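Residue-level structure breakdown
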Amino acid sequence: MQAFALACCRGARLPAAAPVLVVAALLAGCASGPPPPEPVAPGDDAAVRRQVRALVAHELKAAGLASLAVTVVDQRGEVFAEAQGLADVATGRPATPDTLYRMGSVSKLFTDTAALALVQQRRLALDDPLPQALPGLRLAGPWPQPAPTLGQLMTHQAGLPRDVLGGMWVDPAAGAVPDFRQLPQQLSQAVLALPPGTAWSYSNVGLTLLGLVVERAVGEPFEAHLQRTLLSPLGMADASFSAAPPDHPRMAAGHLKGQPRAEPALRDVPAGGLNASVREVGRFVTMQLAGGRAADGTRLLDADLVAAMQQPQPPLPLDLDWRTGLGWLIDAPGDADGRDSVRGAGPVLEHGGATFHFRSQVLVLPAQGLGVVVASNDARAQAAVRRVAAQALALQLQARRGTVQPPVRAGVELQDRPFTADERAACAGDWLTPFGLARLHTDDDKPWADLFGQRLAMLPGAEGRFGLRLQVLGLLPVDLPQLQGLGFACRAVAGRQLLIAWRDGRPLRLGERLPPPEPLPPELVALQGRYAVETLPGETPTLTDVRMEVVGGRLAVRARLPEAFGGQLSGPLPVGVLSATEGRLLGPFADGGDRLQVLRGDDGSPVILASGWRLRRTGGL
């Protein structure tokens, strides 16, 4: 159920970042942002720290967060560190730069580094096929030829499902936490979401399997190997990999909107199980800036492999301008006002992380020798950790180099003209996006888009692009700054019809056009209803209120995310029908996605198997 999992581990800014911003614009209205940064004189590090301190205080108050911690580093080590708020609201323990946080998907950078160290030792190779590296791994269908490689795991181009949701999160006080070493067995009922090498498609499964590859290659438990070969040499004395938050006096407690919440354990430890302070992760960033050497001069990774991590890997046509290194995302675009990105200073490396009640962000400017790490123990800190990271780094860059942030480039230049017949034909129809079914109505005199339950006017622009504006009462287009920063177009790429979004001058894949719906067999129409997820003892499900329904002639699924990930009910996510008993939850393309199987319970009612779960129908819509 790949599309459902987008918010469950937001370890990266996805190519679908544009619809995230659209939805945020429609929901957030005119919420006030932080004050604009003041100019910083060359060498005035004190001014940088003063402004970062004020920004952290603003974000804490604006979102009601428990705490925020930040450190800025260069190739020599820490430049400064700052923390505000409470590591534990219940006890009043303050946060410090040495407070330990769950780092979520930032963990993947460490797993990638451990695998590359074995490549350096010639114990692994980037082009090793995954079935060869993990001989016991089986899928429901045969492995394709060529099979996915270890390098494709690092670049998220292996075609694996994003998650196996069943058993992913469990309260350790209420049930046994599944071991990530059981994941291959769970995958035996899954299929590849895409053929390997088709496109970038984020996968926690892939990085968890990479951790298993590392463990098998060294004959040592993954957690112990990472501690011995990476964390300890970096001076990360209190850091660790674990399923549950460790019992450590400096470990932060999880919160939601400033209120304590129990943090469930995560099965997929190599993909998201790092516990560390911002200072400790800052030492990893310093190693990356120093060409693979730790602060004491110990070489942990050859300089050429560090460079490979930081350089864009060979592009795939369907990824457009989306760039990834071996682990790092590169030059991901920011929001409409540019306050959550750094521009004009060479490549920007990044990775974010999220568990249920922790958020983190790492940004690095390798050409400038600067990096930043931000973490929070509050589920509502997603936007805050990125804004603080970007602005802290931009301010430090101004103090070091005098570089001022350039303005964000508009995604579209609107024109007073009608849509052409070719533009109307290219955009008409239903579009598959990670956030639900989108429909573009281009037969009307004034074309409009139904995106995520909102009616948006389509306005023609230069270069065949169009803009979107909110329509009040279906008539009056209203400008929203977030929408003004986005441009859209419908284009043919590598034999597929893609919906493309432009943000700050860069095209990003937003969706693919679906073929017209075919008549549904009665037995599939009869699947409509509400479904409950059958969970393990103590399991914290990442989906509730699952609904199967027919939307626009298509079988579709909706589900509600937990409050820690926003609590929204998803848009309708189309199901590709393969037979009366099997289908795929489509994504990221119309011919891919996670497998769904339909069984019958003892009473004859439908039971759906998906992503390691059994979903039992509980009633009608």
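Sequence order sets the numbering: in each chain, residues are counted from 1 along the sequence as written. Residue-level local features of this predicted model are given only where pLDDT is at least 70; pairs of side-chain atoms are given and counted only at 80 or more, and the full residue set underlies all totals for whole chains, interfaces and linings. In computing side-chain values, all of the structure's heavy atoms are included and hydrogens and water are not.

For the rest of this paragraph, the subject is the overall build of the chain. Counting secondary structure elements, the chain contains 15 helices and 32 strands. Compactness check: the chain gives a C-alpha radius of gyration of 24 Å against a globular reference of 25 Å for 621 residues, within 12% of the reference. Along the first, second and third principal axes, the C-alpha atoms of the chain reach 65 × 60 × 50 Å. Accessible area is worked out with a 1.4 Å probe on protein chains only. A residue is then buried under 20% of its type maximum, exposed over 50%, and partly exposed in between. For the chain, with 621 residues in total, the buried portion stands at 59%. In this description, accessible areas are obtained by the Shrake-Rupley approach with a 1.4 Å probe, and a residue is regarded as covered only by the protein chains that are shown. A total accessible area of about 22,900 Å² is found for the chain, and carbon and sulfur atoms account for 54% of it. Every helix listed is a DSSP run of H or I at least four residues long, and every strand listed is a run of E at least two residues long, numbered separately from the N terminus. The globule rule used here is 2.2 Å times the number of residues to the 0.38 power, and the radius of gyration it is set against is calculated over C-alpha atoms.

The pairing criterion is simple: DSSP has to find at least two bridges between the two strands. Where strand 25 (residues 529-534) lies against strand 26 (residues 544-551), 3 bridges are found, and the strand directions are antiparallel. Residue Gly529 lies in a different strand from strand 26, and its bridge partner there is Met548. Note: strand 26 against strand 27 (residues 554-560), 6 bridges, orientation antiparallel. Across the sheet, residue Glu549 finds its bridge partner in strand 27, namely Ala556.

The next thing to look at is the packing of aromatic side chains. Think of it this way: a Phe, Tyr or Trp ring, Trp meaning its six-membered ring, pairs with another when their centres are within 6.5 Å, and the plane angle makes it stacked under 30 degrees, edge-to-face over 60, tilted otherwise. Scanning the entire structure with this criterion turns up 11 aromatic pairs. Considering the side-chain rings of Tyr101 and Phe358, the 6.4 Å spacing of their centres and the 80° angle between planes classify their relative orientation as edge-to-face. Note that Tyr101 is positioned in strand 4 (residues 101-102) and Phe358 in the loop between strand 13 (349-354) and strand 14 (359-365), a separation of 257 residues in sequence. Between Phe110 and Phe241, the ring centres sit 6.5 Å apart and the planes meet at 70°, which makes this aromatic pair edge-to-face. A residue pair is termed long-range when its members are at least 10 positions apart, and Phe110 in helix 3 (residues 107-120) and Phe241 in strand 6 (residues 240-241) qualify at 131 residues.

This part takes up the pattern of salt bridges. Whenever a carboxyl oxygen of Asp or Glu lies within 4 Å of a side-chain nitrogen of Lys or Arg, that contact is scored as a salt bridge. A complete count under the given rule lists 35 salt bridges for this structure. Residues joined by salt bridges that share partners form a network here, namely Asp179, Arg181, Glu215 and Glu223.

Turning our eyes to something else, we now look at the sheet that holds strand 4. Strands sit in the order 4-10-6 across an open sheet of 3 strands; the sheet is antiparallel. Looking at strand neighbours, the two that pair on one side only are strand 4 and strand 6, the edges of this open sheet. Where strand 6 and strand 10 (residues 274-276) come together, 2 bridges link them in antiparallel fashion. What sits directly across from Phe241, in strand 10, is Leu274.

Note that soluble globular proteins tend to have their nonpolar side chains buried in a common cluster. If you look at the biggest cluster of nonpolar residues, it comprises 79 residues, and the most contacted ones within it are Met103, Phe110, Leu130, Leu187, Leu209, Leu234 and Leu274. The contact partners of Leu274, leaving out residues within four places of it in the chain, are Tyr101, Arg102, Met103, Gly104, Ser107, Phe110, Leu231, Ala239, Ser240, Phe241 and Val281. Nonpolar core, defined: a set of buried Ala, Val, Leu, Ile, Met, Phe, Trp, Tyr and Cys residues in which side-chain atoms within 4.5 Å join the residues together. Formed by 31 residues, the second largest nonpolar core is a distinct cluster that contains Val40, Ala345, Leu365 and Leu395. A contact between two residues is defined here by any heavy atoms of the two lying within 4.5 Å.

Summarising the element assignment, Asp163 is placed in the loop between helix 5 (150-155) and strand 5 (169-170). Relative accessible area serves as the criterion here: at 2%, Asp163 is assigned to the buried category.

With that settled, the discussion passes to the packing of helix 3 against helix 7 (residues 204-218). Packing of helix 3 against helix 7 leaves a shortest axis separation of 10 Å and a crossing angle of 40°. Judged by the sense of rotation from one axis to the other, the crossing of helix 3 with helix 7 is left-handed. Contact residues: Lys108, Thr111, Asp112, Ala114, Ala115 and Leu118 in helix 3; Asn204, Leu207, Leu210, Gly211, Val214, Ala217 and Val218 in helix 7. Gly falls in the polar group here, along with every residue not listed as nonpolar (Ala, Val, Leu, Ile, Met, Phe, Trp, Tyr, Cys, Pro) or charged (Asp, Glu, Lys, Arg). Class assignment of the residues belonging to the contact of helix 3 with helix 7 gives a composition of 8 nonpolar, 3 polar and 2 charged. A fitted line through C-alpha atoms represents every axis, and for helices the fit uses only the stretch in contact; the resulting angles, taken between N-to-C directions, go from 0 to 180 degrees. Two helices crossing with the near one rotated counterclockwise from the far one by less than a right angle form a left-handed crossing, whereas a clockwise rotation gives a right-handed crossing.

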